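One-letter residues, chain by chain:
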Amino acid sequence: MGLSAYQADSALVATLSGPNCHGCKTLIDYADELKAKHHHVDQQSLRLHGQIVYPNSTPDRYIIDALIEDQPSKIVDLQNVTVSNQAGEKFTLRNTVSWSAGGWVMSENLLVKN
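Now for a look at the structure at hand. (Residues numbered from 1 in each chain as written. Predicted model: local features only at pLDDT ≥ 70, side-chain atom pairs only at ≥ 80, totals over all residues. Heavy atoms only, no water.)

### Here's the deal with the state of the cysteines
Covalent bonding between the sulfur atoms of two cysteines is what defines a disulfide. Inclusion rule: Any two cysteine sulfur atoms lying within 2.5 Å of each other are counted as a disulfide. Residue exposure (1.4 Å probe, protein chains only): buried if accessible area is under 20% of the type maximum, exposed if over 50%, otherwise partly exposed.
Tallied over the full model, the rule gives 1 disulfide. What pairs with C21 in a disulfide is C24, and their sulfur atoms sit 2.2 Å apart. Here C21 and C24 share a disulfide; its torsion about the S-S bond, 65°, makes the bridge right-handed. C24 shares its class with C21; the two are buried.

What follows is the structure in structure tokens.
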């Protein structure tokens, strides 16, 4: 996720995303918007602080709450001139990953706590 904004490359998320993952689509759109403007995030700002796997997960479908910190960062242009600042925040994402014929895909990505 963070790498896609850092590199402004939505393919990093798209290759792992299922067709109905609306949260994934939001991340893909954000990376595409950055790329269209020739911008990117100045650092890989996301840090994983913990994860909880739900007990009702199965071997081919895992539900995981990820505790994430998005550190303060900047949106910069091609010359690394700051375009905007992003405040840091902590949040929880509920991710559902499912096994399919092509491998593991993110079938759901929801913000559950901010």
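After that view of the structure, there is still more to cover.
### What to know about the side chain of N95
Applied cut-off: Secondary structure elements follow DSSP: runs of H or I of four or more residues count as helices, runs of E of two or more count as strands, with numbering from the N terminus. Any pair of N or O atoms that falls within 3.5 Å is considered a polar contact. Within protein, one atom must be able to donate a hydrogen and the other to accept it, and sequence-neighbouring residues count only if both atoms are side-chain atoms. Pairs of residues are marked as contacts when any of their non-hydrogen atoms sit within 4.5 Å.
By secondary structure assignment, the location of N95 is in strand β6 (residues 89–100). The class of N95 is buried, set by a relative accessible area of 10%. Engagement of the side chain of N95 in a polar contact is seen with the side chain of N109, the distance being 2.5 Å. Among all residues touching N95, those that are not within four sequence positions of it are Y62, I63, I64, A66, M106, E108 and N109.

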